[in-house]
Amino acid sequence: MNKIEQTISFVKQELQNAESGHDWFHIERVYKNALNIIEKEDANKEVVLYAALLHDIADSKFHQGDETVGPKKAASFLESISVNPEIIDHVVKIIENISFKGGNFQRNFNSIELNIVQDADRLDAIGAIGIARTFNYGGFKNNSIHDPEMAPKMNMAKEEYKNHKGTTINHFYEKLLLLKDLMNTETGKEIAKQRHDFMLLFLSQFYSEWDGEL
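In this text the structure is predicted, and so the values were computed from the model without any measurement.

Trainee: Lay out unusual backbone geometry with the relevant residues and their values.
Mentor: With a phi angle near 60°, Ser 82 is a residue other than glycine that sits in the positive phi range. Assignment of secondary structure puts Ser 82 in the loop between helix H4 (69-80) and helix H5 (85-97). Phi at Asn 142 is positive, roughly 60°, even though this residue is not glycine. Along the polypeptide, Asn 142 turns up in the loop between helix H7 (127-140) and helix H8 (158-163). The exposure class of Asn 142 is exposed, given its relative accessible area of 65%.

Trainee: Which residues make up the pattern of salt bridges, and what values do they have?
Mentor: In total, this model carries seven salt bridges according to the counting rule given. Linking Arg 29 and Asp 124 is a salt bridge whose minimum nitrogen-to-oxygen distance equals 2.6 Å. One end of the pair, Arg 29, is in helix H2 (residues 24-38); the other, Asp 124, is in the loop between helix H6 (112-123) and H7, and 95 residues separate them in sequence. Arg 29 sits in the partly exposed class, given a relative accessible area of 24%. Taking the shortest distance from any N to any O, the salt bridge between Arg 133 and Asp 124 comes out at 3.5 Å. Across this residue pair, the class does not change: Arg 133 and Asp 124 are buried. Residues joined by salt bridges that share partners form a network here, namely Arg 29, Asp 124 and Arg 133.

Trainee: Can you lay out the nonpolar core for me, pointing to particular residues and giving the numbers?
Mentor: Residues Val 11, Leu 53, Leu 54, Leu 78, Val 91, Ile 126 and Phe 172 are the most contacted members of the largest nonpolar core, which totals 56 residues. Sorting the residues of this core by element identifies helix H1 (3-14), H2, helix H3 (45-54), H4, H5, H6, helix H9 (168-174) and helix H10 (186-210) as the ones contributing at least two each. The residues touching Phe 172, leaving out its near neighbours within four places in the chain, are Ile 131, Thr 134, Phe 135, Leu 177, Met 199, Phe 202 and Leu 203.

Trainee: Explain the side chain of Asp 124 to me, and be specific about the residues and the numbers.
Mentor: Looking at Asp 124, the relative accessible area reads 2%, which means it is buried. Contacts of Asp 124, omitting those with residues within four sequence positions, involve His 26, Arg 29, Val 30, Asn 33, Ile 129, Gly 130, Arg 133 and Arg 195.

Criteria and thresholds
- Residues numbered from 1 in each chain as written.
- Predicted model: local features only at pLDDT ≥ 70, side-chain atom pairs only at ≥ 80, totals over all residues.
- Heavy atoms only, no water.
- Helix = DSSP H or I, 4+ residues; strand = E, 2+ residues; numbered from the N terminus.
- Buried < 20%, exposed > 50% of the residue type's maximum accessible area, 1.4 Å probe, protein only.
- Salt bridge = Lys/Arg side-chain N within 4 Å of Asp/Glu carboxyl O.
- Core = buried A, V, L, I, M, F, W, Y, C linked by side-chain atoms within 4.5 Å.
- Contact = heavy atoms within 4.5 Å.

Below, the structure written as structure tokens:
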């Protein structure tokens, strides 16, 4: 078993009881997205694959908002399988800088590898899968599906975004519909446009049904 296969096995074990929007299947989709994007980019494939596999190994949403758990767990595992320290450091920096966090978070690190993994992760937050994940997480948090009297809360600061409890439909405006214009790579932008348009079509149908239109 090579080191990537060991990493896959580790992630599957760690996330076997995870909320289904952040489980192994989410990781697998991000991993596949990253493989598709890297085909057209000059990047360190090893860094990209480790980061894609480990980016949600301990999502802060499920650890009382602690953003240090994931990077530490990823580093510890990679050290245990004797991955090059420079690669580990790069992967950790990607995990620390990948999240949306309200859209106002300034990355403290930049690399083409981060761009690829961030796009791969964001693509899984939009389109049909993104819609399914959004409603799944909204149900997990017992959020309302929709409240016409509650407007989306835009331009939230990082901590405000982390603690915000809104409706699932508002989450489209607070995050999902913003992601198309935040893509880094040309491949990511191309895929995001189609998925973005699908979400707009869904919302149009949702509002028609909500309002009782035939």
